[in-house]
Amino acid sequence: MQASRITAVLGPTNTGKTHYAIERMLSYRTGVIGLPLRLLAREVYDRIVAVRGPSVVALITGEERIVPPRAAYWVCTVEAMPDGMGCDFLAVDEIQLCADPERGHVFTDRLLHARGLHETLFLGADTMRGAIAAMVPEAQFMRRDRMSELSYTGSKKISRMTSRAAIVGFSVENVYAIAELLRRTKGGAAVVMGALSPRTRNAQVEMYQNGDVDYLVATDAIGMGLNLDISHVAFSSLTKFDGRRMRHLQPEELAQIAGRAGRHIENGTFGVTGEAPPLDEAVAEAIADHRFQPVKKLQWRNSALQFGSVKRLIAKLEERTDDQWLTRVRESDDLRALKTLAADTEVAARATDGPSVKLLWDVCRIPDFRGISAGEHAGLLTHIYNDLHQLGHVDANWFALQVKRIDRADGDIDTLSKRLAYIRTWTYVAQRKGWLVDESHWREETRAVEDRLSDALHGALTQRFVDRRTSILLRRLKQKESLVADVNDKGEVTVEGEFVGRLEGFRFRMDKAGSPDEAKTLRQASVAALVPQFHLRADRFYNAPDPEIDFTEQGGLMWGDQAVGKLVAGADPFKPGVEAFVDEEAGPDVAAKVQRRLQHFIDRKIAAGFEGLLALKNDETLTGAAKGFAFRMAEGFGIIPRGEVADEVKALDQDARGALRKHGVRFGQFTIFQPLLLKPAPTRLRLVLWSLTKGLQEFPESPPPGLVTVPASKDAVPGYYAMAGYRAAGERAIRIDMLERLADMLRDQDSRGGFEANPDMLSITGMTLDQFADLMTGLGYKAEKGEREKTRAVATQVVAQSDPLPETPPTEVPGDTPPESPVETPQETPVEVPVETPTETPVEVPPTTDEVPAETTLEVADTGPEIEVFYTFTWGGRAARPARPQGDRPKGKGKPKGRGKPQGGGNKPQSYQAKPKREKQIDPDNPFAAALAGFKKD
């Protein structure tokens, strides 16, 4: 080999050694540079192409082969460097890897045998000076110093890591865990591992370099010459698994990685994080000062192979050396695979001559990218070798099937990583010259599959480990830029185009965040941008009309469908306070404006809903007992069970009653109330105000409007049914205005001798006979159930082909709306509901045959007596009963003295008569004439 100038350019990281080698190579007509990693080879290839163009630059790695016809500059991995090219210039980077237990023998072979015609460069650490001087005596040395300082900063938590930092892990699980933590706390991180394809790695690095993320999580792959903008390197561990065992990293290995911090003249720092213990002081100083033990042994394997037989080849590979600088490499993967395949009967039968043995060795050198098991890898190599030996190429159908299985871009990160490792095997096979019939097609096809998987893996890594939203907002905050927020008509908030949450009224509901730190960042950025939106929304709300605002039955205050506040109890029941729901970050001005608008709304709502009651309360013309009773009405929100104010009512003379009636007060037998307050809107508001004064945690809701009776709950809050406009009696509660109408009917009945319910009574309550009996029992009557023979008559009857009427009335009949004007006597005509009475018409009998004409005259047969149920009601003395006109009371009888337990939440309705007043003549044709007579005292 022609002698050439050999130079060893040695020094720590960030000295520009690789840049110097590229410049030297481009100064020659031809050149080859060998690099330790496929990723670094791709980076250098791109740099040279940018200078000289793609037509003269070749890239050769185990899985890539780009060789233009006029290639002059060859960028290769060290293993893929072509032999005997006779190029003008040759360089080998990271020459200190001669001491690496796995790959060292390849670098040692290049140190001993690879030469350029005119110039040869070996680039690496200064620890190789003695070894190179011994093994290559003619070599000259060039020392290059680091362009920036490197210092140790100790231990630091990941959550407090400064930006533009790289955190190094030594396992996939560790790298993923760190990246996940950084996503939650810092917005995300780029991931760089040696197993990534160049396309995926470049996409991740670009994301870091352009500032989309401020952190990089990597394996020790970044220590091999990758030039990144890193200011700090943190080790998450000081041990690694080297393929055989866990071991501590040597100081020079740590230095190689730590040296990535600080580029050009920018200083860098290194330290530890996570569970990694602090570095020993001596080790930290050695890394900072670049002082390490020199390399004493170089890994070596005989490269002068003989292919006469498999046995002879193995012997040469296991040959020892007596050189004191060289040590035989431990059994490598390719040698182990050769021994396994040689033990196979079919393979042994084929590998009997030189070419067959050399082919077998080439097949055994296929790397185990998949890393499944030695047995499966050996099986794959056996299939490839047998095809190559028997067919002269790998079977195309089988190869296509293997590639097709992998060509899927779905799945998670682990799945995509495995497929990417698998396709590297087939990419490697496709790059071997002559191994496939249409090798150009398969090189392109496997490269395309790898690109698709690489893009999918990059997307999966980004989706899992990068929160673009948090990252962007953090960067804007650090740069002290004003953030632009936008709120659409649905309340969705975007800041700098990123969705961050929703604005509900005047409270910001942040989108789900992965951690408290992430949530804090989001809220900090979002609220800062939302301040102008809060002010605009407050102005719009202040000018909103009252119909846009409403209250809920639980005391909430709504603006459309958004909660903006709630009512709180005040000193005056009719003047509740307001608590506005406004984020603290919106500012006191926004909160005050929202609160004023809500207070105006509820004040007007109460003034309108309780106009008559407030007028009664504030009537200065009322005096004496009338004035006091007006205040009692206000305290009861316009509804008072008569039993609670029996003495006050008795004290009212006719003039006082008249004054109160002018305000719409109705003195009923069971309740004293203002009929207008029974409407649904005042009832709903009354229940809320009453619940506030009672200090209830959960407000009872108003009954559905229009129902005469509702089920009565035994667990109801005392006083609830009165505030709802009902009185509980038995299993149901009846609306108080309809109860007063029923009381008018009951006055004409003989409550001592007993009476039965008539259809008007059932109609006005909308109840069945059994339900009515329960109601009457709740009102203080006794209900005696009986049975008797129903009156029947044999008659002719027209039978029509139609459905029969229902035998019983419905349970619920909507009642009449409470009267609009304050009157003592009901003005509605009861709706009659068909019920069973002693005078009921005969029961229809269906035809006895199927052939009945549309109209047929039949004679109803006597089928025997029919039994009906009836109730007899008498006064039970347990509660107040309606007063009966004096002429109806049996002679010699006094007023009933019994007063039973109160009904309807503590109410004690009693029957009393005011002082005598001249009666008007009653119209005998008026169907309610009897009711008008019921106000006389018993």
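It should be noted that the structure appears before, not after, this text.
Presented here is an overview of the structure given in this document. (Residues numbered from 1 in each chain as written. Predicted model: local features only at pLDDT ≥ 70, side-chain atom pairs only at ≥ 80, totals over all residues. Heavy atoms only, no water.)

**A closer look at the overall build of the protein chain**
Scanning the protein chain for helices and strands turns up 29 helices and 36 strands. When each of the 938 residues of the protein chain is scored for burial, the buried share is 51%. Across the protein chain, every contact between residues at least 6 apart in sequence was considered, and the portion connecting residues at least 24 apart equals 71%. Accessible surface for the protein chain amounts to roughly 44,300 Å². Of this, 50% is attributable to carbon and sulfur atoms. (Helix = DSSP H or I, 4+ residues; strand = E, 2+ residues; numbered from the N terminus. Buried < 20%, exposed > 50% of the residue type's maximum accessible area, 1.4 Å probe, protein only. Contact = heavy atoms within 4.5 Å. Areas by Shrake-Rupley, 256 points an atom, 1.4 Å probe, with all protein chains shown as cover.)

**A short note on helix H15 (residues 413-431)**
Given a rise of 1.5 Å per residue, 19 residues ought to cover 27 Å, and the 26 Å separating the end C-alpha atoms of H15 matches this to within 8%. A large share of H15 lies buried, amounting to 14 of its 19 residues. (Expected span 1.5 Å × (residues − 1).)

**Examining the nonpolar core**
Of all hydrophobic cores here, the largest spans 72 residues; its most connected members are Phe506, Phe574, Phe610 and Phe629. Aside from chain neighbours lying at most four places away, what touches phenylalanine 574 is Ile606, Phe610, Leu613, Leu614, Lys617, Ala634, Phe637 and Leu689. Listed in part, the 63 residues of the second largest apolar core include Met161, Met193, Ile314 and Leu453. (Core = buried A, V, L, I, M, F, W, Y, C linked by side-chain atoms within 4.5 Å.)

**Looking at the packing of aromatic side chains**
For the structure on display, the rule yields 19 aromatic pairs. Judged by centre distance (5.6 Å) and plane angle (85°), the rings of phenylalanine 772 and phenylalanine 873 are edge-to-face. You can see phenylalanine 772 sitting in helix H28 (residues 769-778) and its partner phenylalanine 873 sitting in strand E36 (residues 866-875), a full 101 residues away along the chain. Like phenylalanine 873, phenylalanine 772 is buried. Linked through ring pairs, Phe755, Phe772, Tyr781, Tyr871, Phe873 and Trp875 together constitute an aromatic cluster. Lysine 358 extends its terminal NZ or CZ atom over the ring of phenylalanine 307, reaching a point 5.9 Å from the ring centre. Lying across the ring of phenylalanine 551, arginine 684 places its NZ or CZ 4.1 Å from the centre. (Phe/Tyr/Trp six-rings, centres within 6.5 Å; stacked < 30°, edge-to-face > 60°. Lys NZ or Arg CZ within 6 Å of the ring centre and 35° of its normal.)

**What about the sheet that holds strand E30 (residues 709-711)?**
The antiparallel open sheet is built from 3 strands, whose spatial order is E30-E32-E31. The open sheet has two free edges, formed respectively by E30 and strand E31 (726-729), since each of these has just one partner strand. Strand-to-strand, the axes of this sheet are offset by a mean angle of 30°, without reference to chain direction. Of the pairings in the sheet, the one linking E30 to strand E32 (residues 732-735) comprises 3 bridges and is antiparallel in character. The partner of threonine 709 across the bridge, within E32, is isoleucine 734. (Pairing = 2+ DSSP bridges. Axes fitted to C-alpha atoms, helices over the stretch in contact; angles between N-to-C directions.)

**Notes on the sheet that holds strand E25 (residues 562-568)**
Taken in spatial order, the 4 strands make up an open sheet running E23-E24-E25-E26, and their pairing is antiparallel. Each edge of the open sheet is held by one strand with a lone partner, namely strand E23 (549-551) and strand E26 (577-580). Recorded for the sheet is a direction-independent mean angle of 30° between the axes of neighbouring strands. As paired elements, strand E24 (residues 556-559) and E25 share 4 bridges and run antiparallel to each other. Counterpart to methionine 558 in the pairing with E25 is alanine 563. On the sheet, helix H19 (residues 588-609) packs against E23, E24, E25 and E26 and is oriented at approximately 145° with respect to E26. Across the face of the sheet, helix H24 (residues 680-694) comes into contact with E23 and E25 while running at roughly 60° to E23.

**Looking at the packing of helix H12 (residues 354-364) against helix H13 (residues 374-391)**
The contact between H12 and H13 brings their axes to 10 Å, and the two run at 145°. Relative to H13, H12 is oriented so that their crossing is right-handed. Of the residues in H13, those in contact with Ser356, Leu359, Leu360, Val363 and Cys364 of H12 are Leu381, Ile384, Tyr385, Leu388 and His389. Taken together, the residues that form the contact of H12 with H13 break down as 8 nonpolar, 2 polar and no charged. (Left-handed = near helix turned anticlockwise from the far one by under 90°. Nonpolar A, V, L, I, M, F, W, Y, C, P; charged D, E, K, R; others polar.)

**What about the state of the cysteines?**
Under the criterion given, the structure shown has 0 disulfides. In this structure cysteine 76 is a free cysteine whose sulfur lies 9.1 Å from that of cysteine 87, the closest cysteine sulfur available. Classification of cysteine 87 by relative accessible area gives buried; the value is 6%. (Disulfide = S-S within 2.5 Å.)

**Concerning the pattern of salt bridges**
Inspection of every chain in the model, using the stated rule, returns 53 salt bridges. Across the salt bridge formed by arginine 143 and aspartate 145, the nearest N and O atoms sit 3.0 Å from each other. Take aspartate 145: its relative accessible area is 52%, and that puts it in the exposed class. With its nearest N and O atoms 2.8 Å apart, the salt bridge here joins aspartate 333 to arginine 336. Pair noted here: aspartate 333 and arginine 336 are both in helix H10 (residues 333-342), with a separation of 3 residues, about one helical turn. Salt bridges sharing common partners tie together Arg38, Arg42, Asp46, Glu63, Glu64, Arg199, Arg424, Arg447, Glu450, Asp451 and Asp455. (Salt bridge = Lys/Arg side-chain N within 4 Å of Asp/Glu carboxyl O.)

**Remarks on H28**
Looking only at H28, the buried set comprises Gln771, Phe772, Ala773, Leu775, Met776 and Gly778. Those residues of H28 that are buried lie in contact with E31, E32, helix H26 (736-746), helix H27 (759-765), strand E33 (781-790) and E36. Just past H28, the residue glycine 780 takes up positive phi, approximately 110°.

**Quick notes on the environment of aspartate 760**
Looking at the secondary structure, you find aspartate 760 in helix H27. On the basis of relative accessible area, aspartate 760 is assigned to the partly exposed category, the value being 31%. Spatially, the C-alpha atom of aspartate 760 lies 8.5 Å from that of methionine 745, the residues being 15 residues apart in sequence.

**Concerning unusual backbone geometry**
One non-glycine residue, arginine 164, adopts positive backbone phi at about 60°. Tracing the chain through its elements places arginine 164 in the loop between strand E9 (150-155) and strand E10 (165-168).

**Overview of the packing of helix H9 (residues 310-317) against H10**
Where H9 meets H10, the closest approach of the two axes is 11 Å, and the angle between their N-to-C directions is 160°. In terms of orientation, H9 and H10 fall into the roughly antiparallel class. Considering only the axes of H9 and H10, their crossing is left-handed. Here Val310, Leu313, Ile314 and Leu317 of H9 come into contact with H10, specifically with Leu335, Leu338, Lys339 and Ala342. (Parallel < 35°, antiparallel > 145°, perpendicular 65-115°, else oblique.)

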